[in-house]
Structures are given as structure tokens and as C-alpha cells.
Amino acid sequence: MRIALIVLCFFFPFLAVLLKDGPSRKVLIAFLLQLLGHVPGVVYGLLVVTRD
């Protein structure tokens, strides 16, 4: 499941964060970073998904 979330981060970071943590403030942050630019959203998504 973790590998699928990492791959999903490259396309829809906010969706990967949503699947990992459920609805939370982190999803909103990931979505806003995605709107600012794709790369910041991906980096944040990867950080959230890979953090234990």
C-alpha cells in the first residue's frame, strides 16, 4: 500500500495524503501547495506519506 501511495503522490499528492491520514489539515496544505506549483505539492505529499 505504501508504494501505491508514493506513486500516487507524483500525480495527486493531496489524494495520497487523504488516503493515508484521512480528512485533516494536511490534505488542505497538500492541495494548496499543489495549486502553487506541482513540485511543492509532490514534496510535501512524499514527506507525509513516507513519515511513520
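The rules we used
Residues numbered from 1 in each chain as written. Predicted model: local features only at pLDDT ≥ 70, side-chain atom pairs only at ≥ 80, totals over all residues. Heavy atoms only, no water. Helix = DSSP H or I, 4+ residues; strand = E, 2+ residues; numbered from the N terminus. Buried < 20%, exposed > 50% of the residue type's maximum accessible area, 1.4 Å probe, protein only. Contact = heavy atoms within 4.5 Å. Areas by Shrake-Rupley, 256 points an atom, 1.4 Å probe, with all protein chains shown as cover. Axes fitted to C-alpha atoms, helices over the stretch in contact; angles between N-to-C directions. Parallel < 35°, antiparallel > 145°, perpendicular 65-115°, else oblique. Nonpolar A, V, L, I, M, F, W, Y, C, P; charged D, E, K, R; others polar.

Asks: Provide a residue-level description of the overall build of the chain, including the pertinent values.
Replies: Looking only at helices and strands, the chain has four helices and zero strands in total. Reading the secondary structure of the chain in the N-to-C direction produces α-α-α-α. C-alpha extents for the chain along the principal axes are approximately 25 × 20 × 15 Å. Buried residues in the chain amount to 31% of all 52 residues. Of all intrachain contacts in the chain linking residues separated by at least 6 positions in sequence, the fraction that spans at least 24 positions is 48%. In the structure as shown, the chain presents an accessible area of about 3,500 Å², 76% of it carried by carbon and sulfur atoms.

Asks: Please set out the packing of helix α3 (residues 25-36) against helix α4 (residues 38-50) residue by residue, giving values where relevant.
Replies: Orientation of α3 relative to α4, taken along the N-to-C sense of each, is 155°, at an axis distance of 6 Å. As the angle between them shows, α3 and α4 are arranged roughly antiparallel. Here α3 contributes Lys26, Ile29, Ala30, Leu33 and Gln34 to the contact with α4, which in turn contributes His38, Pro40, Gly41, Tyr44 and Val48. Along the lines of polarity and charge, the residues of the contact of α3 with α4 split into six nonpolar, three polar and one charged.

Asks: Which residues make up the environment of Arg2, and what are the values?
Replies: For Arg2, the location among the structural elements is in helix α1 (residues 2-9). With a relative accessible area of 41%, Arg2 lands in the partly exposed category. Sequence-wise, Arg2 and Ala16 are 14 residues apart; in three dimensions their C-alpha atoms are separated by 9.7 Å. Ignoring any residue separated from it by four or fewer positions in sequence, one finds Arg2 in contact with Val49, Thr50 and Asp52.

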